[in-house]
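# Observations on chain architecture
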Amino acid sequence: GLIWSPLLTGTPRVHRGLVHVQDWLPTLLSATERSDQCGDLSELDGVNQWGALNSVSAAPYDTLLHNIDDGEKISALRHGSWKLVIGRTYNGQYDGHYGRLQGKVAYNLGIVRDSAAGRAVQDTATPLPCAETMLNLRAQAMVTCFPSFDKTPHVIRVRKTNSSDRQSPVIENSTECQPHLAPCLFNITEDPCEYWNLAAERPDVVNQLVELLQGYKPVPPNNKGGDPRSYPINWNNTWTTWMDFV
């Protein structure tokens, strides 16, 4: 994602820390001029990331729970560079790397600059950087898999233990990660597309992440029944926080 503010220092740059979607509310609130009137932000589910985004402090955490469901016996946890995956959904059709997107529209800097957001930023004291810088930032932020493997989506390959060349790895027989049978372990920093299941090579890391995962206590669902008053037809065809208005 992209975040822009004249309050940010040391920009433009790519942030490498972990950020969860629920962090945005306390983060953006803390950046406002009236953040002192927002109350105790620590009571919110998310974590204030403003210091880390502003290069003032280190990332507030290095462990992130992606999912945990005791009923379905599925879970996923990120810790540092490592990611643990347990269980599968939809009969495993989403277990592997999806491959390259087909029919993707080419990135167009002109459209970005001419958009409503782009024009608004251009009118400030800190406009968008030059085209070369924007393309360089985009390249830094882009997740790139090994091109020769992208031809075989839905398959996670296992590298040979004695292969140290990550850019040109030697591949043994293709092996699917089967998280419903045993946990799968990936090094997201070196293998962002999760081709290589390293669980057999690093059982120590698997045990460490399983122990971390056991420290989380799933909360039973507290879903409430539907209320016709919430339907978009009642709110200008928009899903909104309708209870704020009744």
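A quick note: this is a predicted structure, and the numbers were derived from the prediction, not measured. (Residues numbered from 1 in each chain as written. Predicted model: local features only at pLDDT ≥ 70, side-chain atom pairs only at ≥ 80, totals over all residues. Heavy atoms only, no water.)

## Considerations on the pattern of salt bridges
Inspection of the entire model under this criterion finds three salt bridges. Lys-83 is the salt-bridge partner of Glu-194, the closest N and O atoms lying 2.9 Å from each other. Residue Glu-194 is located in the loop between strand S4 (184-187) and helix H6 (203-214), and its partner Lys-83 is located in strand S3 (residues 82-86); the two are separated by 111 residues in the primary sequence. Each member of the pair, Glu-194 as well as Lys-83, carries the same accessibility label: buried. The shortest N-O distance in the salt bridge between Asp-204 and Arg-202 comes to 2.9 Å. (Salt bridge = Lys/Arg side-chain N within 4 Å of Asp/Glu carboxyl O. Helix = DSSP H or I, 4+ residues; strand = E, 2+ residues; numbered from the N terminus. Buried < 20%, exposed > 50% of the residue type's maximum accessible area, 1.4 Å probe, protein only.)

## Some words on the sheet that holds strand S1 (residues 63-69)
Two modes of strand pairing occur in sheets, parallel and antiparallel, and in both the strands are linked by backbone hydrogen bonds. Spatially, S1-S2-S3-S4 is the arrangement adopted by the four strands of the open sheet, whose pairing is antiparallel. Bordering the open sheet on either side are S1 and S4, each of which pairs with just one other strand. Averaged over all pairs of adjacent strands, the angle between their axes in this sheet comes to 10°, without regard to strand direction. As judged from the five bridges shared by strand S2 (residues 74-79) and S3, these two strands associate in the antiparallel manner. Within S3, the residue paired with Ala-76 across the bridge is Val-85. Contacts between H6 and the sheet are confined to S1, S2, S3 and S4, with S3 contributing the most and set at about 70° to the helix. (Pairing = 2+ DSSP bridges. Axes fitted to C-alpha atoms, helices over the stretch in contact; angles between N-to-C directions. Contact = heavy atoms within 4.5 Å.)

## Structural notes on unusual backbone geometry
The residue after Thr-11, namely Pro-12, is reached through a cis peptide bond having omega 0°. Within the secondary structure, Pro-12 sits in the segment before helix H1 (24-30). At Asn-236, a residue that is not glycine, the phi angle is positive and equals roughly 55°. Asn-236 gets classed as exposed once you look at its relative accessible area, which sits at 69%. Of note in this structure, Asn-237 is not a glycine but carries a positive phi near 55°.

## A closer look at the state of the cysteines
One pass over the full model with this rule turns up one disulfide. Two residues share a disulfide in this structure: Cys-177 and Cys-184, whose sulfurs sit 1.8 Å from each other. Where Cys-177 bonds to Cys-184 through sulfur, the torsion about that S-S bond is close to 110°, and the disulfide is right-handed. (Disulfide = S-S within 2.5 Å.)

## Some words on the layout of surface pockets
Quantified by volume, the largest pocket comes out at close to 2200 Å³. Around the largest pocket, the lining comprises 48 residues; the ones closest to its centre are Gly-1, Leu-2, Val-14, His-15 and Ala-141. Mapped by element, the contributors of at least two residues to the lining of the largest pocket are S1, helix H4 (116-122) and helix H5 (131-141). Ranked by the residues each element gives to the lining of the largest pocket, the list is headed by H5, at five residues. Its residues assigned to classes, the lining of the largest pocket shows 28 nonpolar, 13 polar and seven charged. (1 Å grid on protein atoms, 1.4 Å probe; cavity = no way out; pocket = protein on both sides within 12 Å on 5 of 7 lines; lining within 4 Å. Points joined across faces, edges and corners; volume = space filled by probe spheres on them. Nonpolar A, V, L, I, M, F, W, Y, C, P; charged D, E, K, R; others polar.)

## Concerning the packing of aromatic side chains
Counting across every chain of the model gives two aromatic pairs. Pairing Trp-235 with Phe-245 gives two aromatic rings, centres 5.8 Å apart and planes at 40°, and the pair type is tilted. In this pair, Trp-235 sits in the segment after H6 while Phe-245 sits in the segment after H6, placing the two residues 10 residues apart along the sequence. Relative accessible area serves as the criterion here: at 22%, Trp-235 is assigned to the partly exposed category. What makes Phe-245 exposed here is its relative accessible area of 55%. (Phe/Tyr/Trp six-rings, centres within 6.5 Å; stacked < 30°, edge-to-face > 60°.)

## Here we look at a nonpolar patch on the surface
Together, Val-19, Val-21, Trp-24 and Leu-28 give the surface a local cluster of nonpolar side chains, amounting to about 350 Å² of exposed area. Tracing the backbone through its elements, the reader meets Val-21 in the segment before H1. With relative accessibility at 63%, the residue Val-21 sits in the exposed group. (Patch = residues over 30% accessible without salt bridge, like charges linked within 9 Å, V, L, I, M, F, W, Y side chains within 5 Å. Areas by Shrake-Rupley, 256 points an atom, 1.4 Å probe, with all protein chains shown as cover.)

## Comments concerning the nonpolar core
Ranked by internal contacts, the top residues of the largest apolar core, which has 14 residues, are Trp-82, Leu-185 and Leu-209. For this core, the secondary-structure elements that each account for two or more residues are S3 and H6. At four residues, the largest contribution of residues to this core is made by H6. Ignoring anything within four residues of it in the chain, the contact list for Trp-82 reads Leu-77, Leu-185, Phe-186, Asn-187, Leu-198, Arg-202, Val-205 and Leu-209. (Core = buried A, V, L, I, M, F, W, Y, C linked by side-chain atoms within 4.5 Å.)

Purely geometric numbers; function is a separate question.
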